[in-house]
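Results of the structural survey
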Amino acid sequence: MLNFKTFFQIAKKHIGTCFIYVIIFLILMVVMTNINKGSSTSKFEAKSVKFTVIDEDDTVASHALTDYLATKHKYISFEGKDISKIQDNMYYEEISYVLTIPKGYEEELKNGNFKNLVTHSMRTDSAAGYFFNQDVDSYFRALSVYQASSESLEDSLSKAANVMEKVNANEVEMITFEKTNNGNSPSGYFFQYFAYILISVLLLSMSPILMTFHNRDLAARISCSYLKPRRKAAGIGLGAICYSILVWLIILIAGGFGGMYRYDPIETIALMTANSFVYLIVIVTMTLCIASFSLSEHALQLIANVIGLGSSFLCGVFVPQWMLAENVTRISRFFPAYWFIRNNNILAGFNGEAFNPDEYLLNLGVQLLFALAFMTIYFVMHVQKKAKAVA
Amino acid sequence: MNETAVKVKELVKRYRELLAVDHLNLEIKQGEIFGLLGPNGSGKTTTINCILSLLSYDNGEIEIFEKPMKADAYDIKAKIGVVMQNVAVFEELTVQENIDYFCGLYINDKQLRKQYVEEAIQFTGLEDFRKFYPKKLSGGLLRRLNIACGIAHKPKLIILDEPTVAVDPQSRNRILEGIMELNRQGATIIYTSHYMEEVEQICSRIAIIDNGKCIAQGTAEELKKLIKKREIITIDILSVTADDIEALKALPHVYSVTFEDSKLTILCDGGSHNLVRVLDYLQGKEYSFGHIHSALPTLNDVFLEITGKELRD
Ligand SMILES: Nc1ncnc2c1ncn2[C@@H]1O[C@H](COP(=O)(O)OP(=O)(O)O)[C@@H](O)[C@H]1O
Ligand SMILES: [Mg+2]
């Protein structure tokens, strides 16, 4: 285990550089995790909208709609319904949303027409209106379902209001669940950034160590010795794996101090950790492969950045996977980070995804296949290199 | 003692169009210090790298200790010590750690290795620099470290490729002494250099290489006998006449007389008392002269006469 020992002797000399990278990326991780925490909280707060209704129909049905919306949002009534006054209020941000129920609204409902019945105007600079629109749409969806199977409109109206109240409650529950699970508990985001951090830290901090072994003169000198290339490769590989596990532990422990695991059940954290360990093995073997192409240190840094940033963008580290176009995710399947993030998504329950042990294991398996492929390439390259031109 | 250590038969190595080694034949006996002498770019390093199977070659056969040498002939590699032309040590390891690493490439036993490393440190005189990193070493010390790394495991065959390039005279002498000591201890040595004095000083046999071809092979004496020139006499003198030059040329064994910049140069192709005869003649003509010098030919003269160009030093 000559090269294993030497790996760490060399690492010792590069410890300063390695630590700088680890610290930089830890800081980056904390910053990114906190940015996400912030955005999910503001999403929740935007839910209650100040609105008013211009009711030109003035029927049971139109009142029912107003009442329903008032349970979810803040209804502000305007006597006389002076439209210009309403517009002034919109301008001064007193209200954000104006719903107009046209004459004949009830008739349309009775005729089974649920599309484009109401019109609205809203402040364009406010995201709140979109939530309101969603509530209006889901009300009509529910109403259409009940109207299809019931004889009286009154009946459907009360049933729809009822069920919407429940949906309403569920939705709030789901959102508050999401809030505690993701907003305040950053473990999901913490591990998500692992995908980027690990590639960058390991590639950047290990490459000077690995490059030393691949130095032309040294490699030539070693290859005319008694040491067989396979043993050399194994020694270096083992050194790299142990080194990486150390870095991984440092990041995990730092995460603990940063309170990253506070809000999740221990099982979830354990599965996330296991997932990140498998991913770690993929990255180490990949690093070993890349460093075997006797490149310059600059070239390696460039590659580290291209792979680190590229696979992070493609595989859903910076942009969530469910927001990526389908042809992007089709490509990103060829990157190990995709499978790591898949597992993290189902564990964190991002985008309402549910955990499924089969999928979890499948994703781990795909990552291990990547590791195996990289390992094979690494060994083949080392064994074949021995008789290459060096003079 | 007369077994072959290294045999190179009809070796040809091309780098694209460039013919770096051209049908080279060498036979190195065990116990020899064999010198490969040639100017820069003559193909010495290429030859060494072919012998070590670091390079693939276009034609030829290489045997070490009477077995074919291949990239995976580890039983042979175990017996070879290599000191590369380019210093190959880890910048990140100290002198002692470096020697331990390279010794460890051959010797697994920790106890034995410790002893060997210590001996190599003593041998190269690096006792005071154990904890130094290579960057902190002078050129001469760095070369000594390079040598220590190559010989620590006590190989039977030691190949040194220009181990004294850019080394101060003191370190150089120490290195040459060391190589002779290793040879006395039983190692066969292959030594490449473009310094003819070094090669002449330590090598028992020499191959002179130019443009990848071996142009002469043998002991220093044998090589010098290959050329006509046996003695060079130079005399500082103010002036001589054309008649004098003709008269000197008529002396026995003298075959060339030139006069330039107040310096008379007389070349002889053998015989003895050449200097006495020349001085007798000049004194008879009542010339007064200054510095007189008589020299035997060097390997440089051998190289000059065979190739028509200087070996350079
Ligand atoms: N890797 C290479 N590619 C192309 N040409 C080379 C290479 N290495 C050496 N040469 C050429 O081969 C010739 C012999 O070089 P080398 O063996 O290094 O000579 P020496 O060691 O005697 O100085 C030189 O002309 C050199 O330029
Ligand atoms: Mg050379």
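Going by an unreviewed UniProt entry, chain B carries the name ABC transporter ATP-binding protein and comes from Agathobacter ruminis.

Chain A is annotated in an unreviewed UniProt entry as ABC-2 type transporter transmembrane domain-containing protein of Agathobacter ruminis. The UniProt entry for chain A carries the following text under Subcellular location (unreviewed entry): "Membrane".

Here the domain parsing of chain B yields domain 1 (4-224) and domain 2 (231-296). For domain 1 of chain B and domain 2 of chain B, the distance between their C-alpha centroids amounts to 43 Å.

Turning next to the UniProt feature "transmembrane region" (unreviewed entry) in chain A. Residue and element names in this part refer to chain A. The feature "transmembrane region" (unreviewed entry), as given by UniProt, occupies residues 15-35, 193-213, 234-257, 277-295, 302-324 and 360-381 in the numbering adopted here. The annotated region residues 277-295 carries 84% helix and 0% strand content, and the separation between its end C-alpha atoms amounts to 27 Å. Structurally, residues 302-324 comprises 61% helix and 0% strand, and the distance from its first C-alpha atom to its last is 25 Å.

What follows concerns the coordination of the magnesium ion (ligand 2). All names here are of chain B. Coordination of the magnesium ion (ligand 2) by the protein is provided by T45 (OG1) and Q85 (OE1), with metal-donor distances spanning 1.9 to 2.2 Å. Of the two residues, T45 sits in helix α1 (residues 44-51) while Q85 sits in the loop between β6 (80-83) and α3 (95-104), which places them 40 residues apart along the sequence. T45 gets classed as partly exposed once you look at its relative accessible area, which sits at 23%.

A separate point is unusual backbone geometry. Glycine aside, residues mostly have negative phi angles, and peptide bonds mostly take the trans form. Phi is positive for H23 of chain B, close to 45°, though the residue is something other than glycine. Judged by relative accessible area, which is 43%, H23 of chain B ranks as partly exposed.

All right, on to helix α14 (residues 336-348) of chain A then. Residue and element names in this part refer to chain A. End to end, α14 covers 19 Å across 13 residues, agreeing with the expected 18 Å (1.5 Å per residue, within 8%). Judged by how many residues are buried, α14 sits mostly within the fold: 13 of 13 residues are covered. Backbone geometry just after α14 places G349 at a positive phi near 70°.

Moving on: the interface of chain A and chain B. On the side of chain B, 32 residues touch chain A, which itself brings 29 residues to the contact. Approximately 2800 Å² of surface area, both sides summed, lies buried where chain A meets chain B, with 64% of it carried by carbon and sulfur atoms. Among the residues chain A hides against chain B, the three largest losses belong to R221, C224 and Y226 of chain A. Together they make up 26% of the total. Across the chain A-chain B interface, the total number found is one salt bridge. In this structure, D100 of chain B and K5 of chain A form a salt bridge, with 3.3 Å as the shortest nitrogen-oxygen distance.

With that settled, the discussion passes to the sheet that holds β6 of chain B. Residues and elements named next belong to chain B. Strand order in this open sheet of six strands is β6-β7-β8-β3-β9-β10, and the pairing throughout is mixed. Two strands close off the open sheet at either side, each with one partner strand: β6 and β10 (213-218). On average, adjacent strands in this sheet sit at an angle of 15° to one another, irrespective of strand direction. Judged from the five bridges that link them, strand β7 (residues 157-161) and strand β8 (residues 188-193) form a sheet pairing that is parallel.

On to the state of the cysteines. Defined simply, a disulfide is a covalent bond joining two cysteines at their sulfur atoms. Under the definition given, this model contains zero disulfides over all chains. C315 of chain A takes part in no disulfide bond, and the closest cysteine sulfur, belonging to C289 of chain A, lies 18 Å away.

Let us now look at the UniProt feature "domain: ABC transporter" (unreviewed entry) in chain B. Under the UniProt annotation, "domain: ABC transporter" (unreviewed entry) lies at residues 6-236 of chain B. As annotated, residues 6-236 of chain B comprises 34% helix and 29% strand, and the C-alpha atoms at either end are separated by 48 Å.

Within a sheet, adjacent strands bond to each other through the backbone by hydrogen bonds, running parallel or antiparallel. Residues and elements named next belong to chain B. One open sheet accounts for four strands, arranged β2-β1-β4-β5; its pairing is antiparallel. The open sheet terminates on both sides in strands that have one partner only, identified here as β2 (18-29) and β5 (67-68). Bridge analysis of strand β4 (residues 59-64) against β5 gives two bridges, and the strand direction is antiparallel. Following the sheet pairing, E63 is matched in β5 by P68.

The subject of this paragraph is the site of ligand 1. Lining the immediate environment of ligand 1, one finds twelve residues, of which G41, G43, K44, T45 and T46 of chain B sit closest. Bordering ligand 1 are residues originating from chains A and B. In the model, an oxygen atom of ligand 1 is placed 2.9 Å from a nitrogen or oxygen of the K44 of chain B main chain. Between ligand 1 and the protein, one listed contact pairs an oxygen atom with a side-chain N or O atom of T45 of chain B at 2.6 Å. Here ligand 1, which alone exposes 550 Å², has 65% of that area covered by the protein. Classifying every residue of the shell around ligand 1 gives five nonpolar, six polar and one charged.

Close contact between helix α1 (residues 2-13) of chain A and α3 of chain B brings their axes to 10 Å; oriented N to C, the two are set at 160°. When the axes of α1 of chain A and α3 of chain B are compared, the pair comes out roughly antiparallel. Remark: the crossing between α1 of chain A and α3 of chain B carries left-handed chirality. Contact residues: L2, N3, K5, T6 and Q9 of chain A in α1 of chain A; E97, D100, Y101 and G104 of chain B in α3 of chain B.

Our next topic: the nonpolar core. F194 of chain A together with I99 of chain B are the most contacted members of the largest nonpolar core, which has 98 residues in total. The leading source of residues in this core is helix α8 (residues 187-214) of chain A, at 19 residues. Beyond its immediate sequence surroundings of up to four residues, I99 of chain B is in contact with V117, A120, I121, L145, A148, C149 and A152 of chain B. Of all hydrophobic cores here, the second largest spans 32 residues; its members include A220 of chain A together with L11, L24 and L54 of chain B.

Time to look at the packing of aromatic side chains. By the definition in use, this model includes 26 aromatic pairs over all chains. Ring centres of Y378 of chain A and F379 of chain A lie 5.3 Å apart, and the angle between their planes is 70°; this geometry places the pair in the edge-to-face category. By relative accessible area, which is 26% here, F379 of chain A ends up partly exposed. In textbook terms, an aromatic cluster arises when at least three aromatic residues are bridged by ring pairs, as seen for F4, F7, F8 and Y243 of chain A. The residue whose ring lies beneath K228 of chain A is Y226 of chain A, and the NZ or CZ to ring-centre distance is 5.2 Å. Here K228 of chain A stacks its cationic end above the ring of Y74 of chain B, 5.0 Å away from the centre of that ring.

With that settled, consider the domain arrangement of chain A. Annotation of chain A at the domain level lists domain 1 (2-41 + 181-390) and domain 2 (50-169). Using C-alpha coordinates to define each centre, domain 1 of chain A is positioned 52 Å away from domain 2 of chain A.

Residues and elements named next belong to chain A. One way to put it is that α8 packs onto helix α12 (residues 297-315) with a least axis distance of 9 Å and a crossing angle of 165°. When the interaxial angle is binned, α8 and α12 end up roughly antiparallel. With respect to the hand of their crossing, α8 and α12 are arranged in right-handed fashion. On the side of α8, the interface is formed by Y196, I199, S200, L203, L204, S207, P208 and M211, while α12 contributes E297, L300, Q301, A304, I307, G308, L309, S311 and S312.

How each quantity is defined
- Residues numbered from 1 in each chain as written.
- Chains lettered and ligands numbered in written order.
- Predicted model: local features only at pLDDT ≥ 70, side-chain atom pairs only at ≥ 80, totals over all residues.
- Heavy atoms only, no water.
- UniProt positions renumbered as here; feature names shortened; annotations may be inferred.
- Domains from an automatic or database assignment.
- Helix = DSSP H or I, 4+ residues; strand = E, 2+ residues; numbered from the N terminus.
- Donors = N, O, S within 2.8 Å, 3.2 Å for Na, K, Ca; no water.
- Buried < 20%, exposed > 50% of the residue type's maximum accessible area, 1.4 Å probe, protein only.
- Expected span 1.5 Å × (residues − 1).
- Contact = heavy atoms within 4.5 Å.
- Buried area = accessible area lost by both parts, 1.4 Å probe.
- Salt bridge = Lys/Arg side-chain N within 4 Å of Asp/Glu carboxyl O.
- Pairing = 2+ DSSP bridges.
- Axes fitted to C-alpha atoms, helices over the stretch in contact; angles between N-to-C directions.
- Disulfide = S-S within 2.5 Å.
- Near = heavy atom within 4 Å.
- Polar contact = N/O pair within 3.5 Å; in protein donor to acceptor, adjacent residues only side chain to side chain.
- Areas by Shrake-Rupley, 256 points an atom, 1.4 Å probe, with all protein chains shown as cover.
- Nonpolar A, V, L, I, M, F, W, Y, C, P; charged D, E, K, R; others polar.
- Parallel < 35°, antiparallel > 145°, perpendicular 65-115°, else oblique.
- Left-handed = near helix turned anticlockwise from the far one by under 90°.
- Core = buried A, V, L, I, M, F, W, Y, C linked by side-chain atoms within 4.5 Å.
- Phe/Tyr/Trp six-rings, centres within 6.5 Å; stacked < 30°, edge-to-face > 60°.
- Lys NZ or Arg CZ within 6 Å of the ring centre and 35° of its normal.

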